[in-house]
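Each chain, written out:
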Amino acid sequence: MISLVYSPEYARHQTGHHPENQERLEVMMKYLIEQGEAEKLDIHLPVPASDEDLLRVHTKHYLNHLQKFTKSGGGYLDFDTFASPESYQIAKLAAGGAITASQLVFDQSDFAYSMARPPGHHATADSALGFCLINNLAVALEYMRKTHGLRKFVIVDFDAHYGNGTAEIFYNDPQVLYISIHQDPRTIFPGKGFIEETGSRMGEGFNLNIPLPPGSGTSDYIYILEKILEPACRKFQADFYFLDVGFDGHQDDPLSSLQLDDDFYPWITSHMQEITPKMVLILEGGYSQDAMARSNLKMIKVLKDKSTHEDQWRPSGKLVVKDETKKIFKRIQDTFSPFFTF
Ligand SMILES: [Zn+2]
């Protein structure tokens, strides 16, 4: 069963003419309805995260600050992260959406997708960043660890930006394998996410970054992900999987310089389905509304139709892979050789 966790209430996080605005989800949802896909999904409303849920990830000081700031009218928390008067409540709902989706996968669903905003993967334990207020995925992961005693988690994040918040929260944690593929941080926000950031202390070897240069496309992504994801997941043996979904690596997206096409999204989804029969999907970025709506529909269709094979979404003929991508793979192979064999 495929569950979608969504609420029209997410529009109440009002950001005006900001790239991360309420229209993003409205356009995606409208497209799912128009294409007859929404009616085939098991749709659930999110339950807001409790203070206890948030405190497993965020500091009390930060949560108090965020709550006060929004109550007194909101505004810019930093140079590009906006919060409106209701944003704190809606951020709790978005974090709750990630929990609801995780609970659904634990109980009954094969896949559950939390289509929520504000996004979460840049938010750290003690600060908002990059359009993110609460780290939705981290809150859901800690909820599953606490409530159900699950031990080991894999997170695969393919948003165009490095999920610095998620990475930082689990940086010392050997039970969470965070794998992120993103645009080279020398050329894009948040300026972190290099290969050498491998985790620390007990967590060393469990933060795996795949930074690719501007202009990298679907062939480059498939080439490198095929070599890394399956062996890493097989060795790690997780109890639970998260796919952190960002559509901002699309060639039409205004916020990155990557060149992914619509078919990358069903490809990565079906590739993950070859690795695990159950997973939670959590929405992060994506700022070309049309590209997002199309790619999102393709991704959901693949989740529903188990008979599709990843090869169906590969570019026809041979992959056209840049030399730079091959070099980056070699560097990852060397850096991670104490931990994984690729
Ligand atoms: Zn992003």
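Everything numeric in this text was worked out from a predicted model, so none of it was measured. (Residues numbered from 1 in each chain as written. Predicted model: local features only at pLDDT ≥ 70, side-chain atom pairs only at ≥ 80, totals over all residues.)

What to know about the packing of helix H7 (residues 218-236) against helix H8 (residues 264-275)
Phase 1: Two elements in contact, H7 and H8, have axes whose closest approach is 11 Å; the angle formed by their N-to-C orientations is 15 degrees. Between H7 and H8, the angle is such that the two are roughly parallel. Both H7 and H8 take part in a crossing whose hand is right-handed. Contacts between H7 and H8 involve Thr-218, Tyr-221, Ile-222, Leu-225, Leu-229, Glu-230 and Cys-233 from the former and Phe-264, Trp-267, Ile-268, His-271 and Ile-275 from the latter.
Phase 2: Looking at the contact of H7 with H8, its residues break down into nine nonpolar, two polar and one charged. (Axes fitted to C-alpha atoms, helices over the stretch in contact; angles between N-to-C directions. Helix = DSSP H or I, 4+ residues; strand = E, 2+ residues; numbered from the N terminus. Parallel < 35°, antiparallel > 145°, perpendicular 65-115°, else oblique. Left-handed = near helix turned anticlockwise from the far one by under 90°. Contact = placed C-beta atoms within 7 Å. Nonpolar A, V, L, I, M, F, W, Y, C, P; charged D, E, K, R; others polar.)

Notes on the UniProt feature "domain: Histone deacetylase" (unreviewed entry) in the chain
Phase 1: In the numbering used here, UniProt assigns the "domain: Histone deacetylase" (unreviewed entry) feature to residues 18-302.
Phase 2: Between the first and last C-alpha atoms of residues 18-302 the distance is 31 Å; the span itself is 40% helix and 14% strand. (UniProt positions renumbered as here; feature names shortened; annotations may be inferred.)

Section: the pairing of strand S1 (residues 2-5)
Phase 1: As paired elements, S1 and strand S5 (residues 111-114) share four bridges and run parallel to each other. Bridging from a neighbouring strand, Val-5 pairs with Ser-114 of S5.
Phase 2: In the sheet, S1 pairs with strand S2 (residues 42-44) via three bridges, with the strands oriented parallel. Looking across to S2, one finds that Leu-4 is bridged to Ile-43.
Phase 3: Between S1 and its parallel partner S2, the chain crosses via helix H1 (residues 23-34), and the hand of that crossover is right-handed. (Pairing = 2+ DSSP bridges. Right-handed = clockwise from strand over helix to strand, strands pointing away.)

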